Every structure is written in C-alpha cells, then in structure tokens.
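Coordinates in review
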Amino acid sequence: MKFSGFKVVKEALTGHKGWRPLWRNPDPKPAYDIVIVGGGGHGLATAFYLAKTFGALNVAVLEKGWIGSGNAGRNTTIIRSNYLLPGNQPFYEFSMKLWETLEQDTNFNSMVSQRGIINLIHTDGQRDAYRRRGNAMRLSGADARLLSRDELKKMVPFLNCDNARFPIKGGLMQPRAGTARHDGVVWGYARGADMRGVDIIQNCEVTGFRIEDGRVLGVETSKGFIGAKKVGVSVAGSSGRVMSMAGMRLPIESHALQAFVSEGLKPTIPGVITFGAGHFYVSQSDKGGLVFGGDIDGYNSYAQRGNLPVVEDVLEGGMALMPMIGRARLLRSWGGLVDMSMDGSPIIDKTDIDGLYFNGAWCYGGFKATPAAGYTFAHLLATDRPHETVTAFRFDRFNRGYVIDEKGVGAQPNLH
Amino acid sequence: MLIPHPLLGLRDSQEFTYFGDASLMWRPDPEAPEAEAAFCEYVFLRDNPAGVHRELWFHEQGDRSWLVVTRDTTTHEILGAELASDVKGAAQ
Ligand SMILES: Cc1cc2nc3c(=O)[nH]c(=O)nc-3n(C[C@H](O)[C@H](O)[C@H](O)COP(=O)(O)OP(=O)(O)OC[C@H]3O[C@@H](n4cnc5c(N)ncnc54)[C@H](O)[C@@H]3O)c2cc1C
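Everything numeric in this text was worked out from a predicted model, so none of it was measured.

Calculation notes
- Residue positions within a chain follow its written sequence, with the count starting from 1.
- Here the convention is simple: chains get letters from A, ligands get numbers from 1, in the order in which they are written.
- Selection of residues for local features in this predicted model requires a pLDDT of at least 70, selection of side-chain atom pairs for listing and counting requires 80 or more, and totals for whole chains, interfaces and linings are taken over all residues.
- To get the side-chain values, take all heavy atoms of the structure and skip hydrogens and water.
- Here the term patch refers to residues with relative accessible area over 30% and no salt bridge, with like charges joined within 9 Å and nonpolar side chains (Val, Leu, Ile, Met, Phe, Trp, Tyr) within 5 Å.
- Computed with a 1.4 Å probe, the accessible areas rest on the Shrake-Rupley method; for each residue, only the protein chains presented here act as cover.
- Salt-bridge detection follows one rule: a side-chain nitrogen of Lys or Arg within 4 Å of a carboxyl oxygen of Asp or Glu.
- Only four residue types enter the tally: Lys and Arg on the positive side, Asp and Glu on the negative side; His and the chain ends are excluded.
- Charge coordinates come from a single atom per side chain, which is NZ of Lys, CZ of Arg, CG of Asp or CD of Glu.
- Helix and strand assignments come from DSSP, with helices taken as H or I runs of at least 4 residues and strands as E runs of at least 2, each series counted from the N terminus.
- Summary of the burial criterion: residues with accessible area below 20% of their type's maximum are buried, those above 50% are exposed, and those between are partly exposed, where the area comes from a 1.4 Å probe applied to protein chains only.
- Here, residues are in contact when the closest pair of their heavy atoms is within 4.5 Å.
- The term buried area means the drop in 1.4 Å probe accessible area that two parts suffer when joined, counted for both and summed.
- Any pair of N or O atoms that falls within 3.5 Å is considered a polar contact. Within protein, one atom must be able to donate a hydrogen and the other to accept it, and sequence-neighbouring residues count only if both atoms are side-chain atoms.
- The nonpolar class holds Ala, Val, Leu, Ile, Met, Phe, Trp, Tyr, Cys and Pro. Asp, Glu, Lys and Arg form the charged class, and all remaining residues, Gly among them, are polar.
- Any residue with at least one heavy atom within 4 Å of a molecule or strand is counted as near it.
- Among buried residues, the Ala, Val, Leu, Ile, Met, Phe, Trp, Tyr and Cys ones that are joined through side-chain atoms within 4.5 Å form a nonpolar core.
- Strands were regarded as paired on the criterion that DSSP finds at least two bridges between them.

What follows covers a negative patch on the surface. Residue and element names in this part refer to chain A. A grouping of D295, E312, D313 and E316 is seen on the molecular surface, where their side chains present a negatively charged patch. Here the negative patch gets three residues from one element, more than from any other, and that element is helix α8 (residues 308-321). Inspection of the secondary structure puts D295 in strand β15 (residues 289-300). Assessed through its relative accessible area of 32%, D295 is described here as partly exposed.

Pasting the structure below:
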C-alpha cells in the first residue's frame, strides 16, 4: 500500500475501507542474519536502513512491548543539530539532513516540521558561548543565526525579556531545527522495514544472550531461542539491564526524564524555545498543546516516572520565561527512562563479544538522532566499520581520554 | 522521596545532592600495578541495576554528612540509610 494524495482522496470518497495494517505481525523464524533488540525509533530505523541501503534481507526486530512504547513514544520530539564539539556536531547534522528527506524515503508522513529553535541568551558570557557554538555549527554545514534582543522581541513577543533576575539579551537560532511526530517516525520506519521483509516481532522480550567461545549465537526470548549471526542492541534506557546479560558493565546510568503537555491552545509558540537561565524548553504541538520539559530527576531510576520536585522546577522555569503559561492548564505529565552516559554523548560500537553490537547512551537527546543512529548502526552491522560520522562514539574513548563532554562536567551523569 | 537520616530522622530528598553508586567510596589503590585500568573502571563503569541500589547522597542543605542510601530503582522505594562513615568504618 503506497500513500499519496490521490489515495487519501479516493479513501475519503469510498468510506475508508481500503486502508490496510502498516506491518505484519509474524512469528519469529528459528534464526536470522541480524537480530535487532529494541523496537524504538533507533531499532526500527536500523532495520529500515539495513534492508534499504545495505541490502540485508534476513533481519528481525525484537520488541518486549509494542513498538514505540519506550522513549520513542514519550519524548518531546525536538530535532536539531546545534552541538558544539567536533565528535558530535557532524553526526547531528547528518541526522538533520536525513530528517529533511525522511518522508520521501519512507513514503510516510512523519510530520517533520522545521519551525526553528531558539536558545535564549541572558548574559554577555552566554552570548560569547553561543556565538562560538553557532560558528561550530556553520563549520559542520549546519545553519545558525545570532538574534538581537529586538529581533527576538518581534518573533516571540510573549517572552519576559525584562525579568529582573534573568533578562533576555538575544538568542541563537537554528532555523532548520524543529519537531517531528514521534509516533509517525516509528510507524514510518516500521512500515518501511516491514515492506522490505524485516520481521517486527512485538511482545518478545530478550531475556539472555547465547554466547559460546566469545561469539554470540543468538538470543533467548520470551518466545524461545532465536539464532542470529549478529545481534544489535538498541534498547535506550534499558541498556544497562540488557548488556549485563552479556556480562558487560557500561559507562551508563539510567535516569528518569519527565515531560508535560498543556491543554490545546491557539497557535502561540512559533518554534522551539529554550530558557538559558534554568532548564526549561517548550514548543507547541500541531494539536495545540504546549509541550515542555526540563531536567532529569537526577538519581538512578528504572521506574519510567519521575517525582514532584522536578515538576515544580520545570513549571517555575516556565513561569520565569513566559508568565502567560500560568494561564494554561496542565493536561498530562509522564516519564521515560534515559540512558545517561558518563560524558553525555552516545556510543555506537562493536563489543568485545564477536557478533554483538551496541547502540545507546543517548541520554535525553536521542530522538533527533533517530535517522542517523539507525543509518550508522546499520552501517556498522553490515560492514563492521564505523560510519565516518560516528568514529568518535566508541567504547574505548573513556579509557583513551577522548570523552565528548559538551557540558564539561565530568563523569557525573546527572549533571549532563 | 523521604530519606531516613540515621541522626536526623526523615528528611526530604531535596535537601540532598545525589552522587551515584556507593562503590564510588572505594577508590582504587593508585600504587597498584593495574592502577590505570582500575581507575578507568572506577570513574566510568557502573552496575546500574534495575532493583536494589546502594548509592551516595550528600546532605548538602543539612548536616553535610554523606549517606549510603539503599533504594529500589524500579519503584523509588527507600529501604534504608546509613552514615557513609559508619559503612566505611565497618569495612576497615
Ligand atoms: C520525556 C523525554 C523527552 C525527550 N525529549 C527529547 C527531545 O525533545 N529530543 C530528542 O532528541 N530526544 C529526546 N528524548 C530522548 C529520546 O526519546 C531517546 O534518546 C530515544 O528515543 C532513544 O531511542 P529509541 O527511540 O530507540 O528508544 P526507545 O523507544 O526507548 O526504544 C528502546 C526499546 O527497547 C525495548 N526493550 C528494552 N528492553 C528490551 C528487551 N529486554 N527485549 C526487547 N526489547 C527491549 C523497549 O521496550 C523500547 O521499546 C526524550 C526522552 C524522554 C524520556
């Protein structure tokens, strides 16, 4: 089934009887060439690019719940390539470019909306830091614009620029950044992978690895043993738990991150705005809800929910930045399980066990990485070599002293 | 979350700063032959368990003592708290 404007009109006129499920629900085969553990955005994108770009035919994705039930379905959907460090920024710009052609590549409306992001500046020192960041972005081929206070006031008049403690002095804007529909991304990749023969197996939890003589032979699952020549683990917040079944300890702590949405409002917020004096960021969904969030809760957690102190902190940030938010009613809040690494940057690499590969440590920022993480993890699984944009994302960077620490806070995950 | 401070009773976790896995108390011996590898593990690798976790909390806005708190990471339930100095003393 191919989507097109013509098909939408035809279905509208014929009672929508022609729509079909977007993917099959097959039983697992006894063995595959490549098994991906985790049916989030990253796992499904990996399977999609394996099948589409790298010609892999015999691939399965194993998901313990339903696809997109993890962070892929819980995040605040911001996509951007406004990083500073050379190990990171080319990767995120590669991802941004893949977002720009995603809907053509998957023939699915993932509602990629390049409505721009503005990081607010409150001090002169911050302006210098953002100018430097903007230059780094432009060197990687991305776009960046420094906004004056007057330009900013015209674009987003509701900001409290004269806040006594945190006056707003300008902003760094990436016009090509924006949001995408999280479920649409998951479904688009799932359908694209399924159409190319990938088996997506839901309600199939991996409970162990079969490893002999340092080589992985397959995975034990709630649906029995599934053989595999290669296994790619892409389970985000569950990374520690899953890799410990292969006897590995990771440079990762799992933490809770919360997000919030207000009742639907008329269009007010043009793009994504981040507060520079506290941790608060906000955008408006196409349904009208203000979608916002802030810091992680800050202590190890596998609970997929947070606690009230962070709720208070985030809402205080919102009130300081745009007092009008106090008039909106909060509709829902929820939490996800993020894999915080020791330097705040990701890992895409082989492990010391032959045939076992790992993609994770995405912290609170892996949604924007979904296309490129999928592409580069597929590249690694298919060719056994890292893609040129992920050569810095190796396990050994910690031992070698090549950490990629955007915030410069050291091996303290709750500060990244 | 309320942390049962052994000296001060139940205290709001907001008064504390979280540090991480309690094993961080046991710094490797810098003179040992494998010190470099031991320090890499110590600084960067974590067990990160789903379930019972022993972890360090600093009572920054209180008596400035370090506690070893035992907590379930799947429910956030706090199972106990000891003074880190007692834990260290008992082990030595
Ligand atoms: C509240 C919140 C807001 C966020 N906002 C943003 C944002 O604005 N921008 C951004 O870029 N990033 C954001 N992130 C981060 C982003 O969502 C994640 O980094 C990213 O989604 C992780 O990749 P994924 O989609 O593959 O993860 P997931 O969707 O979590 O996929 C992992 C999957 O693995 C499955 N799994 C786990 N264990 C097993 C097992 N044993 N067997 C089989 N399957 C298993 C899980 O069920 C899950 O479906 C946010 C995260 C949260 C929680």
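Before going further, it helps to spend a moment on the interface of chain A and chain B. Contact residues are listed per partner, giving 24 residues for chain A and 22 residues for chain B. Between chain A and chain B the total buried area reaches about 2100 Å² when both faces are included, carbon and sulfur atoms providing 50% of it. When the buried area of chain A at its contact with chain B is split by residue, R249, N300 and Y302 of chain A rank highest and sum to 30% of it. Notably, a salt bridge pairs R249 of chain A with E41 of chain B, separated by 3.5 Å at the nearest N-O pair. At the junction of chain A with chain B, the criterion picks out 14 residue pairs in polar contact (both at pLDDT 80 or more). Of all the secondary structure elements, the ones that give two or more residues to the side of chain A that touches chain B are α7 (239-244), β12 (252-264), β15 and α10 (397-400) of chain A. Taken together, the residues of the side of chain A that touches chain B sort by class into eleven nonpolar, nine polar and four charged.

Moving on: the site of the ligand. Residues and elements named next belong to chain A. In the region of the ligand, 38 residues are neighbours, and E63, N71, A72, T76 and K368 sit closest. At 2.7 Å, a side-chain N or O of T76 approaches an oxygen atom of the ligand. A distance of 2.9 Å separates an oxygen atom of the ligand from a polar backbone atom of G366. Those elements giving two or more residues to the shell around the ligand turn out to be α2 (41-52), β12 and β16 (330-341). Considering every element that reaches the shell around the ligand, the biggest residue donor is β12, with three residues.

Let us now look at the nonpolar core. In terms of nonpolar packing, the biggest core is built from 48 residues, with Y49 and F91 of chain A touching the most fellow members. Going through the elements one at a time, β1 (31-37), α2, β2 (59-62), α3 (89-106), α6 (182-195) and α9 (370-383) of chain A are the ones with two or more residues in this core. Excluding its chain neighbours within four sequence positions, the residues that come into contact with F91 of chain A are W362, A369, A372, A373, T376, T389, V390 and F393 of chain A. In terms of nonpolar packing, the next biggest core, distinct from the first, is built from 31 residues, V35, I226 and M342 of chain A together with F44 of chain B among them.

This paragraph deals with the pairing of strand β11 (residues 224-233) of chain A. All names here are of chain A. Counting buried residues in β11 gives seven out of ten residues, a clear majority hidden from the surface. Two elements, β1 and β11, share six bridges in a ladder whose sense is parallel. In the sheet register, V35 faces β11, and the bridge partner there is V231. Here strand β10 (residues 215-221) runs beside β11; their pairing, made up of four bridges, is antiparallel. In the sheet register, V219 faces β11, and the bridge partner there is I226. Following β10, the chain reverses through two residues before pairing antiparallel with β11. Direction of pairing for β11 relative to strand β18 (residues 356-360): parallel, over a ladder of three bridges. Across the sheet, residue G232 finds its bridge partner in β18, namely Y357.

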